[in-house]
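Take a look at the letters that make up each chain.
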Amino acid sequence: MTAGDRLTIRARQLLTMEGPARLPPADGAPAREAGVVGLREDAVVVCRGGLVEAVLPADHPDAPAPDREVEQLMPTWVECHTHALFGGARHVDFALRNAGRPYVEILEAGGGILSTVAHTRAESAEVLEETLRERLMAFHARGVDVVEVKTGYGLSVEEELRHLRLIDAVARRVPVRVIRTCLAAHAVPPEFRERRGEWVEAIVGELLPRAVREGLVDQVDVFCDRGAYTVAEGRRVLEAGRALGLGLRVHAEELAWTGAARMAAELGAASADHLEHITGEDVAALAAADTAAVLLPLVTTFLDLPERAPARALVEAGVRVAVSTDYNPGSACSLDLSLAASLACSLHRLTPGEALRGVTRVPAEVLGVASAFGVIRPGARASFLSFSLPDWTAVPWLQGELAFRPEAGMRREGQAAG
Ligand code: NIG
Ligand code: FE
């Protein structure tokens, strides 16, 4: 840091992530890709007090002499979909599935998510806090500054509240901004199997109001799919969350088409996630509502799903597309967002620019933190990643563990918040 608490970083390629919210159609031209990431060549970022003060061409008369010079500079990354608070392991499911038993059958037979519910309920606060802290630090070490964490392995009012309090306690101890999401409508709790409507009413009438009163929750999510909740049940929970001022998220159309994505659009949800089974009409509905799509390509590989979310159609329709790990024990057990970004290119055919926007600006918008994270503009956090690559489009070419790849030369840059 220099005198006056000012830091100036000069980058040969500065990826600001600024520019139009809706992307123009992909035409393969470098100019379009440059626009996707808000590329500025040979620019400086001036920081003060932990915030970006100015972005200027390096030869601008007001540009201070740089303290650091790097090849590429971009915002730190944002992880918008995890189930990082859980106890136990799911290696047994993994082996069963690989021997031919489908995910949804294991779930419907009372295993899957429900086995993690049993383990998590039985786990001490100390162990759950410590494992969550370690997982968030693993994201941080990989260049991630914001992580969303969902509940959904408690499935009783008191246990869901216990998990929200644990997430909140850990959030205060880590250098990561944590967004707290209540996913009480994840699996149907075993105690409510024959009277699931009562559980939905408990979420709506008791859990969400108490969580909001205690200041423990930012968003509400529902798993609307075959073997989980119906669209009508999901709508009931989301409408209650909306009335309480929470952001809305939906696990939609992963295992089968149910109409959940259309409902997410109708309710103005921040995102619809998974989307393996969506139709052209659903794509149009998400675009019209400006509901973002979250691609989870690690699930595609972990569950070997035959269907793909139609990522190109989503981008071409003007839907904002984010990419996430979905870190959880059952359907995607990796903390590596850079692997998800790379797979979003190879499995979903995103361009490098679309994938990088999908781990910075779009997830920051989904989580409601885009004024501080995911973009480099005056007023945003001075928290960046630098690389020493031949070109910025090489970032997703490195297939995972980017932070630990010598050829990437990845480093954290910037200033701690003032
Ligand atoms: O996003 N789909 C529902 N929930 C998680 C999986 C959770 C689990 O299997 O434990 C998901 O894939
Ligand atoms: Fe998920």
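To be clear, the structure that these remarks concern was listed above.
Enquirer: Would you take a moment to explain the packing of helix H6 (residues 157-171) against helix H7 (residues 196-213) for this structure?
Expert: Any two packed helices are characterised by how steeply their axes cross, that is the angle between the axes, and by the distance between the axes. Packing of H6 against H7 brings their axes to within 10 Å, and their N-to-C directions diverge by 35°. As H6 packs across H7, the resulting crossing turns out to be right-handed. Of H7, the residues touching H6 (which contributes Val157, Glu158, Glu160, Leu161, Leu164 and Arg165) are Trp199, Ala202, Glu206, Leu207, Arg210 and Ala211. The residue makeup of the contact of H6 with H7, split by class, is seven nonpolar, no polar and five charged.

Enquirer: What exactly am I supposed to notice about the coordination of the iron ion (ligand 2) here?
Expert: Tetrahedral metal sites with four donors have an ideal angle of 109.5 degrees; octahedral sites with six donors have ideal angles of 90 or 180 degrees. Taken together, His81 (NE2), His83 (NE2), His251 (NE2) and Asp326 (OD) make up the protein donors of the iron ion (ligand 2), found 2.1 to 2.3 Å from the metal. Linear spacing of the donor residues for the iron ion (ligand 2) on their chain is H-x1-H-x167-H-x74-D. One end of the pair, His83, is in the loop between strand S5 (77-79) and helix H2 (91-98); the other, His251, is in strand S9 (residues 247-252), with 168 residues separating them in the sequence. Its relative accessible area of 3% is what places His251 among the buried residues.

Enquirer: How should the sheet that holds S5 be read in this particular structure?
Expert: Backbone-to-backbone hydrogen bonds join strands into a sheet, with any given pair of strands oriented parallel or antiparallel. Taken in spatial order, the eight strands of this open sheet run S5-S6-S7-S8-S9-S10-S11-S12, and their pairing is parallel. Bordering the open sheet on either side are S5 and strand S12 (321-323), each of which pairs with just one other strand. Strand after strand, the sheet turns through a mean of 25° between neighbouring axes, direction not considered. Sheet topology note: the strand S7 (residues 177-185)/strand S8 (residues 219-224) ladder contains three bridges and is parallel. What sits directly across from Ala185, in S8, is Val222. Across the sheet, helix H5 (residues 125-141) touches S5, strand S6 (144-150) and S7, and the angle it forms with S6 is around 145°.

Enquirer: Sorry if this is basic, but what is going on with unusual backbone geometry here?
Expert: Positive phi is not limited to glycine here, since Asp304 has a value of about 50°. Within the secondary structure, Asp304 sits in the loop between helix H11 (297-302) and helix H12 (311-316). The residue Arg349 is not glycine, and still its phi comes out positive at about 65°. Within the fold, Arg349 resides in the loop between helix H13 (337-346) and helix H14 (352-357).

Enquirer: How should I be thinking about the side chain of Ser331 in this particular structure?
Expert: Looking at the element boundaries, Ser331 is found in the loop between S12 and H13. Looking at Ser331, the relative accessible area reads 5%, which means it is buried. With residues near it in sequence (within four places) discarded, Ser331 still touches Tyr103, Leu298, Val299, Phe302, Leu303 and Asp326.

Enquirer: Even after reading the chapter, I still don't get the site of ligand 1, so can you show me in this structure?
Expert: Taken together, 15 residues form the shell around ligand 1, and within it Arg90, Tyr103, Tyr153, Asp326 and Ser331 come nearest. In the model, an oxygen atom of ligand 1 is placed 3.2 Å from a nitrogen or oxygen of the His83 side chain. A distance of 2.8 Å separates an oxygen atom of ligand 1 from a polar atom in the side chain of Asp326. Bound to the protein, ligand 1 loses 100% of the 320 Å² it would expose on its own. Grouping the amino acids of the shell around ligand 1 by side-chain chemistry returns four nonpolar, eight polar and three charged.

The rules behind these values
- Residues numbered from 1 in each chain as written.
- Chains lettered and ligands numbered in written order.
- Predicted model: local features only at pLDDT ≥ 70, side-chain atom pairs only at ≥ 80, totals over all residues.
- Heavy atoms only, no water.
- Axes fitted to C-alpha atoms, helices over the stretch in contact; angles between N-to-C directions.
- Helix = DSSP H or I, 4+ residues; strand = E, 2+ residues; numbered from the N terminus.
- Left-handed = near helix turned anticlockwise from the far one by under 90°.
- Contact = heavy atoms within 4.5 Å.
- Nonpolar A, V, L, I, M, F, W, Y, C, P; charged D, E, K, R; others polar.
- Donors = N, O, S within 2.8 Å, 3.2 Å for Na, K, Ca; no water.
- Buried < 20%, exposed > 50% of the residue type's maximum accessible area, 1.4 Å probe, protein only.
- Pairing = 2+ DSSP bridges.
- Near = heavy atom within 4 Å.
- Polar contact = N/O pair within 3.5 Å; in protein donor to acceptor, adjacent residues only side chain to side chain.
- Areas by Shrake-Rupley, 256 points an atom, 1.4 Å probe, with all protein chains shown as cover.

Distances and angles like these do not, on their own, reveal function.
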